[in-house]
Amino acid sequence: MSKILIIEDEEAIADLERDYLELSGFEVEVEYRGDTGLKRSLEEQFDLIILDLMLPEIDGFEICQRIREEKNIPIMMVSAKKEDIDKIRGLGLGADDYITKPFSPSELVARVKAHLERYNRLVGSGMPKNEIIEIRGLKIDKTARRVWVNGEEKTFTTKEYDLLTFLAENPNRVFKKDELFREIWDMESVGDIATVTVHIKKIREKIEFNSAKPQYIETIWGIGYRFKI
Ligand code: CA
């Protein structure tokens, strides 16, 4: 079942959207503030986001931009003002659709369905091959920044994902911990090679059947790590 997040501060509108989408068979979550909505968008797995423009704490412009930096799920922006819609388009924030309030709920549902179908086609077979890394039971979708282990989706922090993807893209090569640190963390970062060790441990907990006998990321004692292929 597709999961949708509505970020909308007007409760009546949020409720209306939720009711119609739930009736159409979607699983729906609502956040009434920009900051909490953004947090959940980045940390949880949603298939589509309906994003109001004017929101408390963080507005829809910024939320759209921040989500787009990490995910390519469909974002539908909602606004009361036609001028704002033009502005959003002009900014090229990466939203997939724009709806002006008031809108008919059935139109909203129809558009949601169309975007989900398009997105699922994209994530499925239509994706360019080099955007998907598949090694045994591990599948990394680089376009969507999503990871599955034996068909089950796992959630990674940004750095865990970057580190895993970097290793998987350079298999059978031994990397020293300080090389990995330089590669994944920028120079200003607080931390050292112990950060790499901690992140490898977290990644293993998510991708390995038995962390003590890793199938993917092998420890090369005294040196660093190697992704086995
Ligand atoms: Ca609003």
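Residues numbered from 1 in each chain as written. Predicted model: local features only at pLDDT ≥ 70, side-chain atom pairs only at ≥ 80, totals over all residues. Heavy atoms only, no water.

A look at the coordination of the calcium ion
Octahedral metals with six donors have ideal donor angles of 90 or 180 degrees. Tetrahedral metals with four donors have an ideal donor angle of 109.5 degrees. Every protein donor of the calcium ion is listed here as Asp9 (OD), Asp52 (OD) and Met54 (O), and their distances to the metal cover 2.1 to 2.3 Å. Taken in sequence order, the residues that donate to the calcium ion follow the motif D-x42-D-x1-M. Linking Asp9 in the loop between strand 1 (3-7) and helix 1 (11-23) with Asp52 in strand 3 (residues 48-52), this pair joins segments that are 43 residues apart in sequence. (Donors = N, O, S within 2.8 Å, 3.2 Å for Na, K, Ca; no water. Helix = DSSP H or I, 4+ residues; strand = E, 2+ residues; numbered from the N terminus.)

As for the domain arrangement of the chain
Segmentation of the chain into domains returns domain 1 (3-124) and domain 2 (132-227). Computed from C-alpha coordinates alone, the two centres of domain 1 and domain 2 are separated by 31 Å. The interface is formed by 8 residues belonging to domain 1 together with 8 residues belonging to domain 2. When domain 1 packs against domain 2, the two sides together hide about 710 Å² of surface, and 39% of this comes from carbon and sulfur. Connecting domain 1 to domain 2 are 0 residue pairs in polar contact (both at pLDDT 80 or more). Partitioned by chemical class, the residues of the side of domain 1 that touches domain 2 number 2 nonpolar, 2 polar and 4 charged. (Domains from an automatic or database assignment. Contact = heavy atoms within 4.5 Å. Buried area = accessible area lost by both parts, 1.4 Å probe. Polar contact = N/O pair within 3.5 Å; in protein donor to acceptor, adjacent residues only side chain to side chain. Nonpolar A, V, L, I, M, F, W, Y, C, P; charged D, E, K, R; others polar.)

Quick notes on the sheet that holds strand 6 (residues 132-135)
Here 4 strands make up an open sheet; going across it, the order is 6-7-8-9 and the pairing antiparallel. Taken across any chain shown, the strands that pair with only one partner, and hence form the sheet edges, are strand 6 and strand 9 (152-154). Mean inter-strand twist for the sheet, computed between neighbouring axes without regard to direction, equals 20°. Across 4 bridges, the pairing between strand 6 and strand 7 (residues 138-141) is antiparallel. From the neighbouring strand, Glu134 faces strand 7, where its bridge partner is Lys139. Contacting strand 6, strand 7 and strand 8 (146-149), helix 6 (residues 158-169) crosses the sheet at an angle of about 110° to strand 7. (Pairing = 2+ DSSP bridges. Axes fitted to C-alpha atoms, helices over the stretch in contact; angles between N-to-C directions.)

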